[in-house]
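Take a look at the letters that make up each chain.
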Amino acid sequence: MARVYLSLGSNIEPRRYLPAALAELRQAFGDITVSPAYRSRSVGFDGADFVNLAVGLDTPLSPAALNDWLHALEDRHGRRRDGPRYSDRTLDLDIVFYDALVIDGPGHLQLPRKELRHAFVLRPIADIAPDFRHPISGQRMAELWAAFPAEREPLTPERLPD
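Residues numbered from 1 in each chain as written. Predicted model: local features only at pLDDT ≥ 70, side-chain atom pairs only at ≥ 80, totals over all residues. Heavy atoms only, no water.

A few words now on the nonpolar core. Counting residues in each nonpolar core, the largest one holds 26 residues, and the members touching the most others are Leu6, Leu8, Leu25, Val55 and Ile95. Those elements that provide at least two residues to this core are β1 (2-10), α1 (14-29), β4 (50-59), α2 (63-76) and β5 (92-98). If we skip the residues at most four places from it in the chain, Leu8 touches Leu18, Ala21, Leu22, Leu25, Val51, Asn52, Leu53, Val55, Asp92 and Leu93. Of all hydrophobic cores here, the second largest spans 20 residues; its members include Tyr5, Phe120, Leu122 and Met141. (Core = buried A, V, L, I, M, F, W, Y, C linked by side-chain atoms within 4.5 Å. Buried < 20%, exposed > 50% of the residue type's maximum accessible area, 1.4 Å probe, protein only. Helix = DSSP H or I, 4+ residues; strand = E, 2+ residues; numbered from the N terminus. Contact = heavy atoms within 4.5 Å.)

Here it is as structure tokens:
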């Protein structure tokens, strides 16, 4: 079993789609660790604010198989793939860490995800895995978050329905 950390985001009905994604993750993987959710501005395009959170889970799936599973989950909840890469989304699910693997593979499968440089990915992971070490730098997530210029990318806590 691999320990995996995911980033989940939505800027189209996030109070609907994020709880639905969490329910499917629980059904498929059992016990999961869920961070607080945070609202932030969209990055890379002019769109509605995103709500993001992180999930930690254990899986027997390979990185590629998990990535495919996550894409299918996005698709089941109306994710459109025929528009620009950076656009509004019902769900955006990414593997940020898969144990300590480092890969740059097909289907935008990069481990660790480069989006970790953004507050909306780093802060939720630091919340649930403060002692997890970045497989390249060796820094703990808590250290990375403490060094992050949080005023550059403000986050607002967001309560989601259970």
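Among the nine residues of β1, eight are classified as buried, and the element is accordingly described as predominantly covered. Sheet topology note: the β1/β4 ladder contains nine bridges and is antiparallel. Across the sheet, Leu8 pairs through a bridge with Leu53, a residue of β4. Bridge count between β1 and β5: six bridges; the pairing is antiparallel. Note that in β5 the partner of Val4 across the bridge is Tyr98. (Pairing = 2+ DSSP bridges.)

Mapped onto the elements of the fold, Asn52 is located in strand β4. The class for Asn52 is buried, based on a relative accessible area of 5%. Polar contacts involving the side chain of Asn52 include one to the main-chain carbonyl oxygen of Leu8, which spans 3.5 Å. With sequence-adjacent residues up to four places away left out, Asn52 is seen in contact with Ser7, Leu8, Gly9, Pro36, Ala37, Tyr38, Ser40 and Phe120. (Polar contact = N/O pair within 3.5 Å; in protein donor to acceptor, adjacent residues only side chain to side chain.)

Within the secondary structure, Asp75 sits in helix α2. Taking the relative accessible area as the measure of exposure, Asp75 reaches 39% and is therefore partly exposed. Spatially, the C-alpha atoms of Asp75 and Leu91 are 8.5 Å apart, while their sequence positions differ by 16 residues.

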